[in-house]
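# Tertiary structure, described
Single-letter residue listing:
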Amino acid sequence: MFHSSKSGGCQWPMWPHDAAPNHQYCGRRRKENSSYCPEHYQLSIRSGEDEDTAVFVRRKAA
Ligand SMILES: [Zn+2]
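Please read all numbers here as calculations on a predicted model, not as lab measurements. Note that residues are indexed from 1 along each chain, following the sequence as it is written. In view of the model being predicted, local features appear only for residues whose pLDDT reaches at least 70, and side-chain atom pairs are presented and counted only at 80 or more, with totals across whole chains, interfaces and linings using the full set of residues.

### Regarding the overall build of the protein chain
The helix and strand labels rest on DSSP assignments: H or I over at least four residues marks a helix, E over at least two residues marks a strand, and numbering proceeds from the N terminus. When its secondary structure is counted, the protein chain shows two helices and zero strands. Three classes are used. A residue is buried when 20 or more other C-beta atoms lie within 10 Å of its own, exposed when 12 or fewer do, and partly exposed in between, with C-beta atoms placed from the backbone. In the protein chain, which comprises 62 residues, the share counted as buried stands at 8%. Across the protein chain, every contact between residues at least 6 apart in sequence was considered, and the portion connecting residues at least 24 apart equals 17%. We call two residues in contact if the C-beta atoms placed from their backbones are at most 7 Å apart.

Below, the structure is given as C-alpha cells:
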C-alpha cells in the first residue's frame, strides 16, 4: 500500500543495477524536497554528471 510520493524514506534502490528489482530502498530519512537521503542525493547528482555531460558542457562553453 505504498505510494512513492507518500513513503517516508529515501527512495534510492538498493539492488544492483543489473539485477531484477527487489524493491528494497534505502529508507533513511529524506533530505528536504528530495526523494533521497543526503548521501544518496549527492550520488544522484553525481550520476547526472558523467563524462559525456562534462564534455558537452566544455564544448558548449568553448
Ligand atoms: Zn538513501
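There's more to say after this.
### A word on the confidence of the model for the protein chain
Predictor confidence is given residue by residue as pLDDT, running from a minimum of 0 to a maximum of 100. Across the protein chain, pLDDT averages 79, with 65% of residues at or above 70. Counted against residues more than four places away or in other chains, residues 1-5, with its pLDDT under 50, gives two contacts.

### Notes on unusual backbone geometry
The backbone of His23 sits at a positive phi, close to 60°, despite the residue not being glycine. Mapped onto the elements, His23 comes out in the segment before α1 (38-47). The phi dihedral of Asn33 is positive, around 60°, even though this residue is not glycine. You can see Asn33 is positioned in the segment before α1.

### Some details on the environment of Gly27
When you line up the elements, Gly27 lands in the segment before α1. Between the alpha carbons of Gly27 and Gln11 there is a distance of 6.4 Å; along the sequence they are 16 residues apart. Setting aside residues no more than four positions away along its own chain, Gly27 makes contact with Gly9 and Cys10.

### Some thoughts on the environment of Cys26
By the secondary structure assignment, Cys26 is in the segment before α1. Considering only alpha carbons, one finds Cys26 and Trp15, 11 residues apart in sequence, at a separation of 9.7 Å. With residues near it in sequence (within four places) discarded, Cys26 still touches Gly9, Cys10, Trp12, Met14, Cys37 and His40.

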